[in-house]
Amino acid sequence: MKKLNISKKTIITFLASQIAIVVIIFILFDLIPVTREYSTISDKVSERGVNTTAQLSKESSNLIDMVRINEHHESYLRNALKLSKIDSISLLIDLRDSLAILSLKGVSIFESKISKIQINQGLKKLPDFLRDSLYSGPLQVTEDLSSIEKFPIVVKKPAKDTSEANKTEAAPTIPKQNDVFVLMAFDNNMILEIDQQENKLAGSRFAYMNYKRQHMNWFMSRNIRSLFGSGQWGYIYQLKIEIPREDAGSIYRALPIKPFVLVRY
Amino acid sequence: MEKPEKKNILLILLAFFITVCVIFLCLAKSQTLKEVAISFYSYHDSPGDLAQKDSVQLTKQIKETQRRISVLQKRIENLAPATPYLIINTTKNTFVLRTKKEIIREGICSTGSYILLDAGDGQQWIFKTPKGQMRILGKITNPVWIKPDWAFIEESLPVPSKNDPERREPGSLGDYALTLGDGYMIHGTLYQRFLGLPVTHGCVRLGDDDLKTVFNNMEIGSKVFIF
């Protein structure tokens, strides 16, 4: 093996160029969209008049928080009532009680205990009044991604003869176990992710990787869109919940194609 | 002269490959990088009009909101049926028979297999359980199954005429059946070992004891929620 003759200068130039690329991408795809979102939010705050809670007494500040929490709860219930008038199943996420609920005609038909809630920085930092309006639904899903099919259809031809028919009847095909990961996007830059709480995969690694690839592509396409767009998808407000695998599957398959979602924080 | 050139080309290719990987990684990890970017910023919170109110006014506002919340909660509670109702989960193949206040019985059932039977010549049937809110339209004791065309086609048997006695199959639906409309029923099964699996042609199959309880508690008009 002959020794490679690369000068120190070349290595430094190469490393510097890589760092420059990282910085440029960070500025272009992350910092600029985030700054744009920040200025939009800041404008909304100043429109309301900058009277911060910091200027208030602790008692008043606590009372204001209570007013907001109660008003948000009221709005959540009003929207739940509104949803009871439609014929399809809706998803209610109650972060306060850690419950994911399927509701049909106002009747709670399925409940699943949320084991983990993850809220991203942007959502956490959002001023309360804007968080209220972001959540004030009902939000309609515009796009979704999932690791399972909504309708697990299997095409079958008729049996060739009665003995084959008897054989099928005696041992029907048992559906295979699948891992459940779902992403639902709304038109207000917000997404809800429902992930199975089990770490161990029940299905194939390939199916899992396929979902992860779709997931990554979805975010990448939003990033590129935000670069040319008018701030839409500049920053994605992300809420992720974890529930048992079977419950996540039940919820995803129960919901119609573009379901309504309500969130109570 | 040739060897060093080849080496240079390889190095350039390697550098190019690393650069592409770095770009891809940065874009793939953009969500994380955005979290870094947003950590540079913080917003002022603005309580708006609430800041002008004193503690007495705020307490009054809280009480009024809480009163409205209780009214809304009551209204939502009242949306649940007053009589026993049945909830069927077609993904887990489970059922819950309940009233507004308590669960009467819960267990496993069998629902549609999602098989699409393609008999050719444009003849297709999909064996799925319909979802949504339904009502019990009829209650039958010792039901007889009137086999539809697909039941013969599926088994590769000749399809008999509409009223042919060959279509009648007593015993296969169990002791009771509750009709939901469009040919869908909640009934018993000879294949008890398949309960808990999606193996039906769209109907809901229950075990014998569960079926009896459901039959005795549900009236005509009772609600069935299938999801």
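Conventions adopted
- Each chain carries its own residue numbering, running from 1 in the direction its sequence is written.
- Written order determines the labels here, with chains lettered from A and ligands numbered from 1.
- In keeping with the model being predicted, local features are shown solely for residues with a pLDDT of at least 70 and side-chain atom pairs are shown and tallied solely at 80 or more, while totals for entire chains, interfaces and linings include all residues.
- Only DSSP runs of H or I with at least four residues qualify as helices, and only runs of E with at least two residues qualify as strands; both kinds are numbered from the N terminus onward.
- All radius of gyration figures rest on C-alpha atoms, and the globule criterion is 2.2 Å times the number of residues raised to 0.38.
- Any residue with 12 or fewer other C-beta atoms within 10 Å of its own C-beta is exposed, any with 20 or more is buried, and the rest are partly exposed; the C-beta atoms used are placed from the backbone.
- Contact between residues is assigned whenever the C-beta positions, reconstructed from backbone atoms, fall within 7 Å.
- In this description, strands pair whenever DSSP reports at least two bridges between them.
- Note on method: axes are straight lines fitted to C-alpha atoms, helices fitted across the in-contact stretch only, with angles between N-to-C directions ranging 0 to 180 degrees.
- Take the residue count of a helix, subtract one, and multiply by 1.5 Å to get its expected span.
- Following the grouping adopted for this structure description, the nonpolar residues are Ala, Val, Leu, Ile, Met, Phe, Trp, Tyr, Cys and Pro, the charged ones are Asp, Glu, Lys and Arg, and the polar ones are all others, Gly among them.

1. Comments concerning the overall build of chain A
Link 1 in the chain: Looking only at helices and strands, chain A features seven helices and 10 strands.
Link 2 in the chain: A globule of 265 residues ought to have a C-alpha radius of gyration of about 18 Å, yet chain A, at 24 Å, is considerably larger.
Link 3 in the chain: In terms of its C-alpha atoms, chain A occupies a principal-axis envelope of roughly 80 × 75 × 30 Å.
Link 4 in the chain: Within chain A, the fraction of its 265 residues that count as buried is 30%.
Link 5 in the chain: A separation threshold of at least 6 residues defines the contact pool for chain A, and within that pool the share at least 24 residues apart is 77%.

2. Quick look at the environment of B:Asn217
Residues and elements named next belong to chain B.
Link 1 in the chain: Structurally, the position occupied by asparagine 217 is in helix α5 (residues 208–217).
Link 2 in the chain: What makes asparagine 217 partly exposed here is the crowd of 17 C-beta atoms within 10 Å.
Link 3 in the chain: In this structure, the C-alpha to C-alpha distance between asparagine 217 and threonine 99, residues 118 residues apart in sequence, is 10.0 Å.
Link 4 in the chain: Excluding its chain neighbours within four sequence positions, the residues that come into contact with asparagine 217 are Pro84, Leu97 and Ile104.

3. Details of the environment of B:Ile126
Link 1 in the chain: Its place among the elements puts B:Ile126 in strand β5 (residues 123–127).
Link 2 in the chain: The partly exposed category is assigned to B:Ile126, around which 16 C-beta atoms lie within 10 Å.
Link 3 in the chain: Here the alpha-carbon distance between B:Ile126 and B:His201, two residues 75 residues apart in the chain, equals 7.8 Å.
Link 4 in the chain: Not counting residues within four places of it along the chain, the set of residues in contact with B:Ile126 comprises A:Ile153 and B:Leu116.

4. Considering the sheet that holds strand β2 (residues 99–104) of chain A
Strands belonging to one sheet form pairs held by backbone hydrogen bonds; the direction of such a pair is parallel or antiparallel.
Residue and element names in this part refer to chain A.
Link 1 in the chain: Strand order in this open sheet of nine strands is β3-β2-β1-β10-β5-β7-β8-β9-β4, and the pairing throughout is mixed. This sheet does not close on itself; its edge strands, each paired only once, are β3 (107–113) and β4 (116–119). For this sheet, the mean inter-axis angle between neighbouring strands, taken without regard to orientation, is 25°.
Link 2 in the chain: Sheet analysis places β2 next to β3, joined by six bridges and oriented antiparallel. Bridge pairing in β3 places leucine 99 opposite lysine 113.

5. A few points about helix α6 (residues 205–228) of chain A
Link 1 in the chain: Helix length check: α6(A) (24 residues) gives 35 Å between terminal C-alpha atoms against 34 Å at 1.5 Å per residue, within 8%.
Link 2 in the chain: For α6(A), the complete set of buried residues consists of A:Tyr211, A:Arg222, A:Asn223 and A:Ser226.

6. Examining the interface of chain A and chain B
Link 1 in the chain: In this complex, chain A contributes 78 residues to the contact, which on the side of chain B involves 66 residues.
Link 2 in the chain: Residue contributions to the side of chain A that touches chain B peak at 15 residues, all from helix α1 (residues 8–48) of chain A.
Link 3 in the chain: When grouped by side-chain class, the residues that make up the side of chain A that touches chain B number 44 nonpolar, 18 polar and 16 charged.
Link 4 in the chain: As judged from the three bridges shared by strand β6 (residues 154–156) of chain A and strand β4 (residues 115–120) of chain B, these two strands associate in the parallel manner. Its bridge partner being in β4(B), A:Val154 is matched across the sheet by B:Ile115.

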